[in-house]
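# Inside the fold
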Amino acid sequence: MTRVFSSYIFFFFLVFTLLSIGVSEFSKSFNQLFYFLCKDKMVYSIFVKLLYGLIIFVSLFYIIISHLGFAPKTQDFQKTHLLKTLVAAFIAIIFFFIWIFSLFGPEQDFFTQLQLQTYEIAYLDFWSLVENKFIPIIITTFFTLFFLYLPLIFWIIGAYFDLTYLAHRFAYTFFPSINVCILTLFASALQPYYDKPNLYLYIDLFVFLIALVLLLWVFIKKKFLFGFYEYAHLLFLVFVLCFILLTSSVLADSDYFNARYSFYLFAFLVWCCEWMFDDFLARE
């Protein structure tokens, strides 16, 4: 059920993004549309704040219903109930503070940011670039590592969980599905594939291509992990890759991180819903 609803919402979100990029690429009158949508206080920034709120709501909703007698009585759920509650509470608290800061934190100086984007970023060395893009790098690294590389490598090497160990039970409970991996890969795909203003930014592309190869390897060797919606998302991913190849100049001229961050947060929200509510839905 989570997969069905998330796929519908994701499709709308993806179409909106591709249309805004396409209009910017092929329309002279609106060639700055995607650029302005990615600005702070604009559409993608609003999407980010909305997703913060949804993640908080989902976490609190899970804590409430799991303690009001609606929880399934299965032995597996009872073993992980406390663990899931603690993680849900931790997520709700962390995202609450992030959400509050995003609402009332200081606004970025857009014109200073624009000047850096267009005139200075091409001349930054590696460590200066890391300092300037520190938060986007940390967020991208987190999602790439825990929602792409670790699960994909886990499936490739044929590892398994020994549920007699607490650490293994924790990992098994919160292990992302292949569906979440594909959604995360969409976020990583949202970047220019050429015309990057700084040579070091191609590291991001290299990391994405490795993740794409790992996913293809899993697809070839572990087809049982893929259902209808996973196949559909893979087809969409192929289309997105081709589309961005044609429109990379739009992303190269935009600070696209708010758009990418929206996709990362959506994948995170789907991940939360899967481990929180799949036990409830399976009971129906």
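Residues numbered from 1 in each chain as written. Predicted model: local features only at pLDDT ≥ 70, side-chain atom pairs only at ≥ 80, totals over all residues. Heavy atoms only, no water.

## Describing the nonpolar core
Phe34, Ile91, Ile178, Leu215, Phe268, Trp271 and Trp275 are the most contacted members of the largest nonpolar core, which totals 75 residues. Counting residues per element, this core draws most heavily on helix α12 (residues 257-283), which supplies 17 residues. Residues contacting Leu215, with those up to four places away along its chain left out, are Leu152, Ile178, Ile182, Leu185, Phe226, Leu234 and Leu237. (Core = buried A, V, L, I, M, F, W, Y, C linked by side-chain atoms within 4.5 Å. Buried < 20%, exposed > 50% of the residue type's maximum accessible area, 1.4 Å probe, protein only. Helix = DSSP H or I, 4+ residues; strand = E, 2+ residues; numbered from the N terminus. Contact = heavy atoms within 4.5 Å.)

## A word on a nonpolar patch on the surface
Nonpolar side chains collect at one region of the surface, where Phe142, Leu145, Phe146 and Leu150 lie side by side and expose about 340 Å² of accessible area between them. Its location among the elements puts Leu145 in helix α7 (residues 134-156). (Patch = residues over 30% accessible without salt bridge, like charges linked within 9 Å, V, L, I, M, F, W, Y side chains within 5 Å. Areas by Shrake-Rupley, 256 points an atom, 1.4 Å probe, with all protein chains shown as cover. Salt bridge = Lys/Arg side-chain N within 4 Å of Asp/Glu carboxyl O.)

## Quick word on the environment of Ala187
Following the sequence through the fold, Ala187 ends up in helix α9 (residues 178-189). Assessed through its relative accessible area of 0%, Ala187 is described here as buried. The spatial distance from the C-alpha of Ala187 to the C-alpha of Thr144 is 9.7 Å, given a sequence separation of 43 residues. Setting aside chain neighbours within four positions, we find Ala187 in contact with Arg260, Phe263 and Tyr264.

## Digging into the side chain of Asn198
By the secondary structure assignment, Asn198 is in the loop between α9 and α10 (202-221). A polar atom in the side chain of Asn198 sits 2.9 Å from the backbone nitrogen of Tyr200. Setting aside residues no more than four positions away along its own chain, Asn198 makes contact with Ile121, Ala122, Tyr123, Leu124 and Leu129. (Polar contact = N/O pair within 3.5 Å; in protein donor to acceptor, adjacent residues only side chain to side chain.)

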